[in-house]
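So the chains spell out like this:
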Amino acid sequence: AHTCYSYQGQLGVDQAFDKQLISRGKFYLPAFDVCMEADGSVSGSRLNLEACNDTSAQRFKLTANDQIKLVSNDELCLTIDSSGSKQGSGGAPPHLLRTLSLRNCEKSGTRYTTWWVGNPPSN
């Protein structure tokens, strides 16, 4: 994951999931024709971008409190690693990169499990 940036006034192709499909539980990245997929259904499972299919590993739910939960184990949320980040290249200001995984929602804290769906913020 990385901080959002909008050098051209819109989200980059690596930041823009199909918003309409999110409401149906699919996180689809049209620019690359891939979907978000969990590599497991236990805490610590990583997220990958894979060819879209209809398996439980690609079914997520955006909740009313802006968490993304794995449908097959709703105790797990898409979580940003809190242990540190590395700086991305290019752009101003530089963006920060962090690892994503599935972690227990309540133990991870909302700071690392809250997601934003919408238009990019104005700079």
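Residues numbered from 1 in each chain as written. Predicted model: local features only at pLDDT ≥ 70, side-chain atom pairs only at ≥ 80, totals over all residues. Heavy atoms only, no water.

(A) Up close: the sheet that holds strand 1 (residues 28–29). Read across the sheet, three strands follow the order 1-2-3 without closing on themselves; strand pairing throughout is antiparallel. Looking at which strands have only one partner, the edges of the open sheet turn out to be strand 1 and strand 3 (47–50). Relative to strand 3, strand 2 (residues 34–38) runs antiparallel, the two sharing four bridges. Within strand 3, the position partnered with Glu37 by the bridge is Asn48. (Pairing = 2+ DSSP bridges. Helix = DSSP H or I, 4+ residues; strand = E, 2+ residues; numbered from the N terminus.)

(B) Representation of the packing of aromatic side chains within the structure. Following the criterion strictly, the structure yields two aromatic pairs and no others. With centroids separated by 5.6 Å and ring planes inclined at 80°, the aromatic side chains of Phe17 and Phe27 adopt a geometry described as edge-to-face. Taken as a pair, Phe17 in the segment before helix 1 (19–22) and Phe27 in the loop between helix 1 and strand 1 lie far apart in primary sequence, 10 residues in all. Phe17 gets classed as partly exposed once you look at its relative accessible area, which sits at 30%. Note on Phe27: relative accessible area 4%, which makes it buried. Three or more aromatic residues link up through ring pairs in this structure, and these residues are Phe17, Phe27 and Phe60. (Phe/Tyr/Trp six-rings, centres within 6.5 Å; stacked < 30°, edge-to-face > 60°. Buried < 20%, exposed > 50% of the residue type's maximum accessible area, 1.4 Å probe, protein only.)

(C) Representation of the environment of Glu50. Checked against the element boundaries, Glu50 lands in strand 3. On the basis of relative accessibility, which here comes to 33%, the residue Glu50 falls in the partly exposed class. Those residues in contact with Glu50, other than ones at most four positions away along the chain, are Val34, Cys35, Glu37 and Gln58. (Contact = heavy atoms within 4.5 Å.)

(D) Examining the side chain of Thr63 more closely. The residue Thr63 is located in the loop between strand 4 (60–62) and strand 5 (68–70) in this model. You can call Thr63 buried: its relative accessible area is 13%. Within polar-contact distance, the side chain of Thr63 engages the side chain of Asn65 at 2.4 Å. (Polar contact = N/O pair within 3.5 Å; in protein donor to acceptor, adjacent residues only side chain to side chain.)

(E) How the structure looks around the sheet that holds strand 4. Pairing in this open sheet of four strands is antiparallel, and the strands run 4-5-6-9 from one edge to the other. Single-partner strands in this sheet number two, and they are strand 4 and strand 9 (100–104). On average, adjacent strands in this sheet sit at an angle of 40° to one another, irrespective of strand direction. Where strand 4 meets strand 5, three bridges bridge the pair, whose relative direction is antiparallel. Directly across from Leu62, in strand 5, lies its bridge partner Ile68. (Axes fitted to C-alpha atoms, helices over the stretch in contact; angles between N-to-C directions.)

(F) Up close: the state of the cysteines. Under the counting rule described, the total for this entry stands at two disulfides. Through a disulfide, Cys77 is tied to Cys105; the S-S separation comes to 2.0 Å. Measuring the twist about the S-S bond at about 100°, one finds the Cys77-Cys105 disulfide to be right-handed. Note that Cys77 is positioned in strand 6 (residues 73–80) and Cys105 in helix 2 (residues 105–108), a separation of 28 residues in sequence. Judged on exposure class, the residue Cys77 and its partner Cys105 are both buried. Taking only the cysteines that form disulfides and numbering them from first to last, the protein has the pattern 1-2, 3-4. (Disulfide = S-S within 2.5 Å.)

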